[in-house]
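Breakdown of the fold
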There are 2 protein chains.
Amino acid sequence: MNSSDYAAIIEQSLFDFLPSKDCNEKRLIEAMQYSLEAGGKRVRPRLVLEFNELCSGKTESALPFACAVEMIHTYSLIHDDLPCMDDDDLRRGKPANHKVFGEDIALLAGDALLTLAFETITCDNTVSLSGADSCCKAAAVLARYAGANGMVGGQVIDLISENTNAPVEILQEMDYKKTACLIKAACELGCICAGADDVKIKAASQYGECIGIAFQIQDDILDVISSDEELGKPVGSDKENSKSTYVSLLGIDECKKIVQSLTNEAVNALKVFDADSSSLKNMAYQLANRSN
Amino acid sequence: MNSSDYAAIIEQSLFDFLPSKDCNEKRLIEAMQYSLEAGGKRVRPRLVLEFNELCSGKTESALPFACAVEMIHTYSLIHDDLPCMDDDDLRRGKPANHKVFGEDIALLAGDALLTLAFETITCDNTVSLSGADSCCKAAAVLARYAGANGMVGGQVIDLISENTNAPVEILQEMDYKKTACLIKAACELGCICAGADDVKIKAASQYGECIGIAFQIQDDILDVISSDEELGKPVGSDKENSKSTYVSLLGIDECKKIVQSLTNEAVNALKVFDADSSSLKNMAYQLANRSN
């Protein structure tokens, strides 16, 4: 399957898991659907499906896990955009959820998506496909990486270090938690729902961690390139940012080296899998070399 | 055990499930703890423990489920108090979470508590105590009753029907979803973690639904009595509320009858249990006859 085949399957499945709109809380379901539809490249759910395939799992069984990860990602974006957080009016070129549905419904749509993620991976149908052991393990992994010491913790570190010159260690921890943890969870879940052993789960986890951090550093690099280009300055010359980034702390060349090295480490981790992992190898290179 | 014994056990257990504060996201853990500590009568987790006992389960095995329900209840209060929702400065006489920690941390503390609830009932330790089947079943039940067609859905119906004269059917659905669903979940979870059969789970569910709705109607009655008494008016004489309540629609006497009848129905449902259910019987009567 190519990337758009994956996206199509995932999008169909996301809508299948949404509650029916035939209810008095219709507006809530519409708000949940609005943000699920406004998705990006579906990197996280695709990782679930790819690792599941690599471990000889069936796509049908992996879809609830893939959708759960995307629901968590989507809820985090809705809450992130709220006025009391980043106060963003736009998300991927479309009005943010709260600009369309109001802050109250947006808050609740985020809460409902987070809750739906856990319902999706523990409901009877998913248990009958993957077994209760795998479903519990997946729910616990997802909650740990998405929670107080994972994604949400990363957002708190981000808030606290705003307007301070955070050292590189804090930046690393923030990016690890805020971005890499959920990607890591996606890779682990793909193996877990296929019933893979701990060696494979650990390798998937390492792959996810490396591409997750590389993804965030590449983001910082692209931010600097695009804003410097817009302003007509030499790339990397603007060091007067209010907030530390990898680029402001380490310089653009060092950052490119780190992205390269993390990508190699991710690709190396794939060696424990017997089946053909070229698709995940390519995905790592594509994310590292992307220009937007 | 009496009610304060239950509360003490639950409170100790809640803190045991909280992540350590020895981390860079310490402020988040403090915010989570602040609201968990500011708890009320711990009705929901106590129901988990009581039904678990009634089904011959061990208290130790039921504590993760009891705490998960209380974490969900607590997150919902934090989000409810936010300026974009009810905008309440006080909760149980103490400053609301966002008044102490800021809106951004309060939002994230709610998200983290919701996530922690699901981690708590699916983690390795809980699975080893209750088995993966019970943990999955409990997680799915909790998510369904707390989510888009449960508690969160009830909050949306509440928002939508604000400043309208909602008919009694809408009010019933709102109270069922907003208040009764999580109480129902607590009762079911108590049976599920003890490995009880479907007949018992269904009876517990009916008990929970009845006392949940009765609880909400009693709340409406107490609101009217206290505000009319404050204003020196005859009780029940003020019909000019901007929002429908049971009392404004049905009158105070009819409401008292409904509370009584729901309480009797709850107590009747307990008949399927062989063990002594007098504690749950008393709890139903106490909630129905409470004066604050």
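Some remarks on the overall build of chain A
Helix and strand counts for chain A stand at 14 helices and two strands. Against the globule reference of 19 Å for 292 residues, chain A gives a C-alpha radius of gyration of 19 Å, in line with a compact fold. Based on the C-alpha atoms only, the size of chain A along its principal axes is roughly 55 × 50 × 30 Å. Residues counted as buried form 57% of the 292 residues belonging to chain A. Within chain A, residue pairs in contact and separated by at least 24 positions form 71% of the contacts whose partners lie at least 6 positions apart. Approximately 11,700 Å² of chain A is accessible, and the part contributed by carbon and sulfur atoms is 45%.

Describing the interface of chain B and chain A
The interface of chain B with chain A comprises 49 residues on the first partner and 49 residues on the second. Across the chain B to chain A interface the summed buried area is about 4,000 Å²; carbon plus sulfur atoms make up 72%. Our count for the chain B to chain A interface comes out at two salt bridges. Taken together, the links from chain B to chain A amount to ten residue pairs in polar contact (both at pLDDT 80 or more). If you list the elements that add at least two residues to the side of chain B that touches chain A, you get α2 (26-37), α4 (59-81), α6 (103-122), α8 (132-146), α9 (151-160) and α10 (168-193) of chain B. In terms of residue count, α6 of chain B provides more of the side of chain B that touches chain A than any other element does, twelve residues in total. Grouping the amino acids of the side of chain B that touches chain A by side-chain chemistry returns 31 nonpolar, eight polar and ten charged.

Re the relation of the copies chain B and chain A
When chain B is brought onto chain A, the operation consists of a screw motion whose angular component is 180 degrees and whose axial shift is 0.0 Å, with 0.0 Å RMSD remaining. The transformation relating the two chain copies, once decomposed into turn and shift, fits a two-fold axis. Closest approach to the rotation axis within chain B is made by the C-alpha atom of A132 of chain B, at a distance of 2.7 Å. In this assembly the copies share their binding face: 100% of the residues contributing to the interface of chain B also contribute to that of chain A.

What about helix α1 (residues 3-17) of chain A?
Residues and elements named next belong to chain A. Counted at 1.5 Å a residue, the expected span for α1 with its 15 residues is 21 Å, and the 21 Å between its end C-alpha atoms agrees. Those residues of α1 that fall on the buried side of the exposure criterion are Y6, A7, I10, S13 and L14. Axial view of α1: buried residues confined to an arc of 140 degrees, hence all on one face. Buried residues along α1 sit against α2 (26-37), α3 (43-54) and α4 (59-81).

A closer look at unusual backbone geometry
Phi at R92 of chain A is positive, roughly 50 degrees, even though this residue is not glycine. Its location among the elements puts R92 of chain A in the loop between β1 (90-91) and β2 (94-95). One non-glycine residue, D87 of chain B, lies in the positive phi region at around 50 degrees. If you trace the backbone, D87 of chain B turns up in the loop between α4 and β1 (90-91). Residue D87 of chain B is classed as partly exposed on the basis of its relative accessible area of 43%.

Observations regarding the packing of aromatic side chains
Taken as a whole, this structure holds seven aromatic pairs over all chains when the rule is applied. On the basis of an interplanar angle of 70 degrees and a centroid distance of 5.6 Å, the ring pair of Y34 of chain B and F101 of chain B is categorised as edge-to-face. On the criterion of sequence distance, the pair formed by Y34 of chain B in helix α2 and F101 of chain B in helix α5 (residues 97-101) is long-range, its members being 67 residues apart. Like F101 of chain B, Y34 of chain B is buried. Three or more aromatic residues joined by ring pairs form one cluster here, namely F51, Y207 and F273 of chain A.

Observations regarding the side chain of D158 of chain B
Residue and element names in this part refer to chain B. Looking at the element boundaries, D158 is found in helix α9. For D158, a relative accessible area of 10% gives the class buried. Those residues in contact with D158, other than ones at most four positions away along the chain, are M174, K178 and K243.

Re the confidence of the model for chain A
Across chain A, the average pLDDT comes to 93, with 95% of residues at or above 70. Both confidence scores are given for the complex: pTM 0.95, ipTM 0.95.

Focus: the pattern of salt bridges
Residue and element names in this part refer to chain B. Under the definition given, this model contains 26 salt bridges over all chains. D81 is paired through a salt bridge with R91; the nearest N and O atoms lie 2.8 Å apart. Linking D81 in helix α4 with R91 in strand β1, this pair joins segments that are ten residues apart in sequence. Note on D81: relative accessible area 2%, which makes it buried.

Digging into the packing of helix α13 (residues 252-269) of chain A against helix α14 (residues 278-289) of chain A
Between two packed helices, what matters for the description is the angle formed by their axes and the separation of those axes. Residues and elements named next belong to chain A. For the pair α13 and α14, interaxial distance at closest approach is 9 Å and the crossing angle is 170 degrees. In terms of axis orientation, α13 runs roughly antiparallel to α14. Across the interface between the two elements, V259, T263, N264 and V267 of α13 pack against K281, A284, Y285 and A288 of α14. For the contact of α13 with α14, a count of residues per class yields five nonpolar, two polar and one charged.

Considering the packing of helix α9 (residues 151-160) of chain A against α6 of chain B
Put simply, α9 of chain A and α6 of chain B touch, their axes get as near as 10 Å, and they point 170 degrees apart. Compared by their axis directions, α9 of chain A and α6 of chain B come out roughly antiparallel. Crossing geometry of α9 of chain A relative to α6 of chain B is assigned as left-handed. Together, V152, Q155, V156 and L159 of chain A of α9 of chain A and D104, I105, L108, D111 and A112 of chain B of α6 of chain B make up the contact between the two elements. Classifying every residue of the contact of α9 of chain A with α6 of chain B by side-chain character gives six nonpolar, one polar and two charged.

Describing helix α6 (residues 103-122) of chain A
Over its 20 residues, α6 of chain A runs 29 Å from end to end, which matches the ideal 28 Å to within 8%, given 1.5 Å per residue. Of all 20 residues that make up α6 of chain A, 17 are buried, and the element is covered over most of its length.

A closer look at the state of the cysteines
Scanning all chains against the criterion turns up zero disulfides over all chains. C191 of chain B supplies the cysteine sulfur nearest to C55 of chain B, a cysteine that is in no disulfide, at a spacing of 3.8 Å.

Reading guide: rules and limits
Residue numbers here run from 1 along each chain, matching the order of that chain's written sequence. Chain labels run from A onward and ligand labels from 1 onward, assigned in the order the entries are written. This being a predicted model, a pLDDT of at least 70 is required before a residue's local features are given, and a value of 80 or more before pairs of side-chain atoms are given or counted; all residues contribute to the totals for chains, interfaces and linings. Only hydrogens and water are set aside; all other atoms, that is, all heavy atoms of the structure, feed into the side-chain values. A run of H or I in DSSP counts as a helix once it spans at least four residues, and a run of E counts as a strand once it spans at least two, with each numbered from the N terminus. In this description the radius of gyration comes from C-alpha coordinates, and the expected globular size is given by 2.2 Å times residues to the power 0.38. Relative accessible area decides the class of each residue, using a 1.4 Å probe on protein chains only: under 20% of the type maximum gives buried, over 50% gives exposed, and in between gives partly exposed. In this analysis, two residues are considered to be in contact whenever any of their non-hydrogen atoms come within 4.5 Å of each other. What sets the accessible areas is the Shrake-Rupley method with a 1.4 Å probe; for residues, cover comes only from the shown protein chains. Accessible surface is computed with a 1.4 Å probe, and the buried area is the amount of it that two parts give up when combined, taken over both parts together. Salt bridge, as applied in this entry: a Lys or Arg side-chain nitrogen positioned within 4 Å of an Asp or Glu carboxyl oxygen. A 3.5 Å cut-off defines polar contacts: any pair of N or O atoms within that distance qualifies, except that in protein one atom must be a possible hydrogen donor and the other a possible acceptor, and neighbouring residues in sequence count only when both atoms are side-chain atoms. Residues are sorted three ways: Asp, Glu, Lys and Arg are charged, Ala, Val, Leu, Ile, Met, Phe, Trp, Tyr, Cys and Pro are nonpolar, and all the rest, Gly among them, are polar. Only residues with pLDDT of at least 70 in both copies count here: their C-alpha atoms drive the least-squares fit that superposes the copies. Under the convention used throughout, the expected extent of a helix is 1.5 Å for every residue step, that is, one less than its residue count. Taken from the helix axis, the directions to the C-beta atoms give the arc we talk about. Pairs were defined over the aromatic rings of Phe, Tyr and Trp, the Trp ring being its six-membered one, requiring ring centres within 6.5 Å. Orientation was assigned from the angle between planes: stacked under 30 degrees, edge-to-face over 60, tilted for the rest. How sure the predictor is of each residue is captured by pLDDT, a score from 0 to 100. Structural elements are reduced to axes, namely lines fitted to C-alpha atoms, with helices fitted over the stretch in contact, and the angle between N-to-C directions of any two is expressed from 0 to 180 degrees. The labels follow the angle: roughly parallel below 35 degrees, roughly antiparallel above 145, roughly perpendicular from 65 to 115, and oblique for the rest. Whether a crossing is left-handed or right-handed is set by the direction in which the near helix is turned from the far one by less than a right angle, anticlockwise for left-handed and clockwise for right-handed. A pair of cysteine sulfur atoms is labelled a disulfide when the two atoms are within 2.5 Å.

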